[in-house]
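# Descriptive analysis of the structure
These are the residues of each chain, in order.
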Amino acid sequence: MARLRTVLVVAPLALITLVGAAPWRSLPNCVLGRFEGITSTDPQGTIIGVTDPNDWGCLGGGQARGTADVTPPPPPTQFCFQPAYPNPATGEVRLGFTLPRASQAGITVYGQKRGPHSAFVVRTLAEQNFAPGVFSVLWDGKDDQGARVPPGLYRAVMTVPDGTICGDIEIR
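Here goes a summary of the coordinates provided.

About the thresholds
- Residues numbered from 1 in each chain as written.
- Predicted model: local features only at pLDDT ≥ 70, side-chain atom pairs only at ≥ 80, totals over all residues.
- Heavy atoms only, no water.
- Core = buried A, V, L, I, M, F, W, Y, C linked by side-chain atoms within 4.5 Å.
- Buried < 20%, exposed > 50% of the residue type's maximum accessible area, 1.4 Å probe, protein only.
- Helix = DSSP H or I, 4+ residues; strand = E, 2+ residues; numbered from the N terminus.
- Pairing = 2+ DSSP bridges.
- Axes fitted to C-alpha atoms, helices over the stretch in contact; angles between N-to-C directions.
- Disulfide = S-S within 2.5 Å.
- Polar contact = N/O pair within 3.5 Å; in protein donor to acceptor, adjacent residues only side chain to side chain.
- Contact = heavy atoms within 4.5 Å.

### Structural notes on the nonpolar core
Ranked by size, the top nonpolar core spans 27 residues in total, and within it Phe81, Leu95, Ile107, Trp139 and Ile169 carry the most contacts. Secondary structure elements with two or more residues in this core: strand S3 (93-99), strand S4 (103-112), strand S5 (119-130), strand S6 (133-139), strand S7 (152-160) and strand S8 (163-171). Counting residues in hydrophobic clusters, the runner-up holds eight residues, among them Phe35, Tyr110, Ala119 and Val157.

The following block contains the structure:
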């Protein structure tokens, strides 16, 4: 009986180690639910149609807004994660974000196998200290091993000391 208990405890841990999945409790809250809906954007970043209220935005409220038409752009006042573009995408996707002060920031793309609590890291795009400012990173639609991801919904997550902001990207 003791041997059976040992197998029942060790087997799941070995499976997690082999698969590389993180325990779901260690994931950002926004990747625990179903991935659904996107904020559609064109290749220049203009939002097309209705925005998904669960996607993108700024910590403390407000919408992420581009400042491409203002020269020079004003310094950011909030941590914001701007809608990915183009979205949906068949190739590269640009992710813009603003930091009002020097901060550690991470931009990670997650996938989902089947349903809630099945999220996994697809690609880490940035994990570093940034000066205050406006930034963007490019996701080439590949995972950390360099393989093209299959069509589906993916969740981009910006993590900063003040919190987390998420948005969905559809790869076709």
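### Quick notes on the sheet that holds S7
The sheet built from four strands is open, its strands ordered S5-S4-S7-S8 with antiparallel pairing. Looking at which strands have only one partner, the edges of the open sheet turn out to be S5 and S8. Each strand of the sheet is rotated relative to its neighbour by a mean of 20°, with strand direction disregarded. Looking at chain direction, S4 and S7 are connected through five bridges and run antiparallel. When the bridges of S7 are listed, Ile107 appears paired with Met158.

### Here we look at the state of the cysteines
This model, assessed by the stated rule, comprises one disulfide. Between the sulfur atoms of Cys58 and its disulfide partner Cys80 the distance amounts to 2.0 Å. Between Cys58 and Cys80, the S-S dihedral sits near 105°, and the bridge is therefore right-handed. Residue Cys58 is found in strand S1 (residues 57-58), and its partner Cys80 is found in strand S2 (residues 80-81); the two are separated by 22 residues along the sequence. Here Cys58 and Cys80 have matching classes, each one buried.

### Considerations on the sheet that holds S1
Spatial ordering of the open sheet is given by S1-S2-S3-S6, a layout of four strands whose pairing is antiparallel. Each having just a single partner strand, S1 and S6 make up the two edges of the open sheet. As paired elements, S2 and S3 share two bridges and run antiparallel to each other. In the strand pairing of S3, Cys80 is matched with Thr98.

### With respect to the side chain of Asp168
Within the secondary structure layout, Asp168 lies in strand S8. A distance of 3.4 Å separates a polar atom in the side chain of Asp168 from the backbone nitrogen of Glu36. Among the polar contacts made by the side chain of Asp168, one reaches the side chain of Arg155 at a distance of 2.6 Å. Filtering out sequence-adjacent residues up to four positions away, Asp168 remains in contact with Phe35, Glu36, Gly37, Ile38, Asp55, Trp56, Asn87, Tyr154 and Arg155.

### Brief notes about the pairing of S8
Of all the nine residues making up S8, seven are buried; the element is thus mostly covered by neighbouring parts of the structure. Pairing geometry for S7 and S8, over nine bridges, is antiparallel. Residue pairing across strands places Leu153 opposite Glu170, the latter belonging to S8. Linking S7 back to S8 in an antiparallel pair, the connection comprises two residues.

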